[in-house]
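Topology and contacts: notes
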Amino acid sequence: MVVLIILGWAPEIIHNYRDHKFSDDYFFEVHSVNVGNSVHGEPVILSVDRQVNHQFFGKYNVEVRSFPDRTTICTGSGESTYLPTAKLPEPLTLEWWAFSEDCKGGTLPVGDYIIHTSWTVNREPYGLPDVLITIESNPFTIAEVSPSEARKAINQIQKLEEEIQELRSVD
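The sections below set out a description of the structure shown in this document.

Procedures and definitions
Residues numbered from 1 in each chain as written. Predicted model: local features only at pLDDT ≥ 70, side-chain atom pairs only at ≥ 80, totals over all residues. Heavy atoms only, no water. Patch = residues over 30% accessible without salt bridge, like charges linked within 9 Å, V, L, I, M, F, W, Y side chains within 5 Å. Areas by Shrake-Rupley, 256 points an atom, 1.4 Å probe, with all protein chains shown as cover. Salt bridge = Lys/Arg side-chain N within 4 Å of Asp/Glu carboxyl O. Lys, Arg positive; Asp, Glu negative; His and termini not counted. Charge placed at Lys NZ, Arg CZ, Asp CG, Glu CD. Buried < 20%, exposed > 50% of the residue type's maximum accessible area, 1.4 Å probe, protein only. Pairing = 2+ DSSP bridges. Helix = DSSP H or I, 4+ residues; strand = E, 2+ residues; numbered from the N terminus. Disulfide = S-S within 2.5 Å.

Before going further, it helps to spend a moment on a negative patch on the surface. On the surface, Glu161, Glu162, Glu163 and Glu166 cluster together into a negatively charged patch. Classification of Glu162 by relative accessible area gives exposed; the value is 51%.

This part is about the sheet that holds strand 6 (residues 92-93). The strands that make up a sheet pair up through hydrogen bonds in the backbone, lying either parallel or antiparallel. Strand order in the open sheet formed by 3 strands is 1-3-6, and the pairing between neighbours is antiparallel. Edge positions in the sheet fall to strand 1 (28-35) and strand 6, since each of these pairs with one other strand and no more. The pairing of strand 1 with strand 3 (residues 45-52) spans 7 bridges and is classified as antiparallel. Considered in strand 3, the bridge of Val35 is made with Leu46.

In this section: the environment of Leu128. For Leu128, the location among the structural elements is in the loop between strand 7 (111-121) and strand 8 (131-136). We classify Leu128 as buried; its relative accessible area is 5%.

With that settled, the discussion passes to the state of the cysteines. Applying the stated criterion across every chain, the model contains 1 disulfide. In this model, Cys74 is linked to Cys103 through a disulfide, with the two sulfur atoms separated by 2.2 Å. Of note, the bridge from Cys74 to Cys103 carries an S-S torsion of about 55° and is right-handed in sense. Of this pair, Cys74 sits in strand 5 (residues 72-82) while Cys103 sits in the loop between helix 3 (94-98) and strand 7, and the two are 29 residues apart along the sequence. By relative accessible area, Cys74 is classed as buried at 6%.

Here you go:
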């Protein structure tokens, strides 16, 4: 009789063990996605604190939303095998992060934004449901270059060109 009771509990015990062992952070942890302000036409640079603890197959979805109303501006998505040894590129750009032709940092209009990223961790091989992990970035701004800043940059470039010409003429 005791054996039958234990056998009756076995599937639940095994499921609880698997669910505990392969918890949300067993495969993947993400602590922050920070985005720096940028200028229209320039790449948007991200700093991501995440850790792949164990290899898994997953899907990701990136949404750039206006801020503060959070209207979706563009999206990117895909799937990948995540490896603990893989490194994020330096610099890490929005173009790489979203992996989408529509969602490049340089094409975002002037304004304020936030990035919402989600990952689906496939736990099906372990007899468990998938896990959804989501995070939002800090708000960031895409600014327009002011005419005075543009003129200042042009003047600096012209001055450098003149100095280069002077150096070349010395030879």
